Amino acid sequence: MNTKELLGKRLKLIRESHNLTQEMLAENIGMSSLSISKVERGKNFISPALLDKLCMFYRVEPDYFFKFKLNVNDDSDKKHIIARKLKSLSSVDLDYVYKFVESL
């Protein structure tokens, strides 16, 4: 997998962990959803303008998007992993997790 594809997968993971569609993200940052789609699919490399807007929107430094392996010591990555896992839980499992978190 090349750098454009790795970056695209990373950007998609981050967007999805914030429960955003490409259209919602595009609207929030003033870019086209087509531009976001092409970058996420690894067809285009991220432009400096898009990188800058994503940094401001997510409140992160540019290098955050280039961490292709998730670093489980990084709190931001932990939150993304947890958010992604929570989306796939059944209602029963989600209730269990909720009770667990409330007990902390």
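Since the model is a prediction, treat every value here as computed from it, not as a measurement.

Cut-offs applied
- Residues numbered from 1 in each chain as written.
- Predicted model: local features only at pLDDT ≥ 70, side-chain atom pairs only at ≥ 80, totals over all residues.
- Heavy atoms only, no water.
- Core = buried A, V, L, I, M, F, W, Y, C linked by side-chain atoms within 4.5 Å.
- Buried < 20%, exposed > 50% of the residue type's maximum accessible area, 1.4 Å probe, protein only.
- Helix = DSSP H or I, 4+ residues; strand = E, 2+ residues; numbered from the N terminus.
- Contact = heavy atoms within 4.5 Å.
- pLDDT = per-residue confidence, 0-100.
- Salt bridge = Lys/Arg side-chain N within 4 Å of Asp/Glu carboxyl O.
- Phe/Tyr/Trp six-rings, centres within 6.5 Å; stacked < 30°, edge-to-face > 60°.
- Axes fitted to C-alpha atoms, helices over the stretch in contact; angles between N-to-C directions.
- Parallel < 35°, antiparallel > 145°, perpendicular 65-115°, else oblique.
- Left-handed = near helix turned anticlockwise from the far one by under 90°.

### Comments concerning the nonpolar core
A general tendency of soluble globular proteins is for nonpolar side chains to be buried together. Counting residues in hydrophobic clusters, the biggest one holds 18 residues, and the most contacted among them are Leu11, Leu25, Ile46, Leu54, Tyr58 and Phe65. In terms of residue count, the dominant contributor to this core is helix α4 (residues 48-58) (five residues). Sequence-distant contacts of Leu11, defined by excluding residues within four places in its chain, comprise Val39, Glu40, Ile46, Leu54 and Phe65.

### Some words on the side chain of Glu40
Looking at the element boundaries, Glu40 is found in helix α3 (residues 33-40). Glu40 has contacts with Gly8, Lys9, Leu11, Lys12, Arg15 and Gln22, leaving out every residue within four places of it along the chain.

### Details of the confidence of the model for the protein
Counting all residues, the mean pLDDT for the protein is 87, and 93% of those residues have values of 70 or more. Averaged pLDDT values for the elements of the protein fall to 77 in helix α5 (residues 75-87) and rise to 96 in helix α2 (residues 22-29).

### Describing the pattern of salt bridges
This model, assessed by the stated rule, comprises one salt bridge. Put simply, Glu40 and Arg15 hold a salt bridge, and the shortest N to O gap is 2.6 Å. Highlighted residues: Glu40 in helix α3 and Arg15 in helix α1 (residues 3-17), separated in sequence by 25 residues.

### Here we look at the packing of aromatic side chains
Per the counting criterion, the structure on display carries three aromatic pairs. With a centroid separation of 6.1 Å and an interplanar angle of 55°, the aromatic rings of Tyr58 and Phe65 are classed as tilted. When the ring of Tyr64 is compared with that of Phe65, the centres are 5.8 Å apart and the planes differ by 75°; the resulting orientation is edge-to-face. The same class applies to Tyr64 and to Phe65, which are both buried. The structure contains a cluster of three or more aromatic residues connected by ring pairs, namely Phe57, Tyr58, Tyr64 and Phe65.

### As for the packing of α2 against α3
At their nearest, the axes of α2 and α3 sit 8 Å apart, and the two run at 120° to each other. By the angle between their directions, the pair α2 and α3 is classed as oblique. As for the relative orientation of α2 and α3, their crossing is right-handed in sense. Contacts between α2 and α3 involve Gln22, Glu23, Leu25, Ala26 and Ile29 on the former and, on the latter, Ser33, Ile36, Ser37 and Glu40.

### A closer look at unusual backbone geometry
One non-glycine residue, Asn19, lies in the positive phi region at around 55°. Relative to the assigned elements, Asn19 resides in the loop between α1 and α2. Unlike most non-glycine residues, Arg59 shows phi in positive territory, near 60°. Within the secondary structure, Arg59 sits in the loop between α4 and α5. Residue classification places Arg59 among the exposed positions, given a relative accessible area of 76%.

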